[in-house]
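# An overview of the molecular structure
Listed below, chain by chain, are the residues.
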Amino acid sequence: MINEHEEESGLHRKTVHTFVKRAGHMTDAQRRNYETLSGRWCIPYTEEPLNYENVFKNSRPVTVEIGFGMGKATAIIAQQNPEKNYIGLEVHTPGVGKLLSEIDEKGLQNLYIIEYDAIEVLENMIPDNSVAAFHIFFPDPWPKKKHHKRRLVQRPRTDLLAKKLAPGGYLYMATDWEPYAEFALEQLIATPGLKNAYEGFAPHQEWRPETKFEHKGLEAERNIKELYFVKQ
């Protein structure tokens, strides 16, 4: 991984990642689930476009969640919407292990995981005009100005998201970091093909379960901001 000095000095010209893969402790249960269930529910990264029907054995609409954390809300949404398919993207292995346990315990058949950099997955595995919805719940806000370039929701990354959305599909983001919310709103408004479904920020979507990061934000008395854009 590129360190900050190398990145700032220009010694490396690789794409700036939207994440840092931090070491995280895995419980025995998470490790066991990761080892026993990942072969069934994790899709290996490749540079070939996914065939959703081969994965899900049906042609139902596909929602992609970018950065599902520990996956609690992801599993609840998939359980409550069996008529839809879901793909979760995450690089945090303990979170992958936790979501695998949720998939197993709930007996879910409509949720798969890709443990890889979301941008590369989108570029190489997700077909254009194929995604019914993107869920981006409490992404890393990268609050320091020198790290703003790492933010996921900004152009040209939002152009890539719009390219992958099916016509009529939506992008739904929630964050507890108000400066990031305002920045993301500007970037999405400026993204060709996307239209704000509301005037400014969106009202809370009642079907979205509370996430762990959201709970922490509310405890810190931060306002939750939501954005909901539709592909025209």
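It should be noted that the structure appears before, not after, this text.
Here we summarise the structure given alongside this text. (Residues numbered from 1 in each chain as written. Predicted model: local features only at pLDDT ≥ 70, side-chain atom pairs only at ≥ 80, totals over all residues. Heavy atoms only, no water.)

### Comments concerning the overall build of the protein
Heads up, the rule is: Under the DSSP-based scheme used, a helix requires at least four consecutive residues in state H or I and a strand at least two consecutive residues in state E, with every element numbered from the N terminus. When accessible area is computed with a 1.4 Å probe and restricted to protein chains, residues below 20% of their type maximum are described as buried, those above 50% as exposed, and intermediate ones as partly exposed. Contact between two residues is taken to exist if any of their heavy atoms lie within 4.5 Å; hydrogens are not considered.
When its secondary structure is counted, the protein shows nine helices and seven strands. Across the 232 residues of the protein, 51% fall into the buried class. Residue pairs at least 24 apart in sequence account for 80% of intrachain contacts in the protein once pairs closer than 6 positions are excluded.

### Describing unusual backbone geometry
Here Arg-155 and Pro-156 are connected by a cis peptide whose omega angle stands at 5°. Mapped onto the elements of the fold, Pro-156 is located in the loop between β4 (131–137) and α7 (157–164). Residue Asn-129 is not a glycine yet carries a positive backbone phi of 55°. Within the element layout of this structure, Asn-129 appears in the loop between α6 (118–124) and β4. Assessed through its relative accessible area of 45%, Asn-129 is described here as partly exposed. Of note, the phi angle at Trp-142 is positive, near 45°, even though the residue is not glycine. On the basis of relative accessibility, which here comes to 6%, the residue Trp-142 falls in the buried class.

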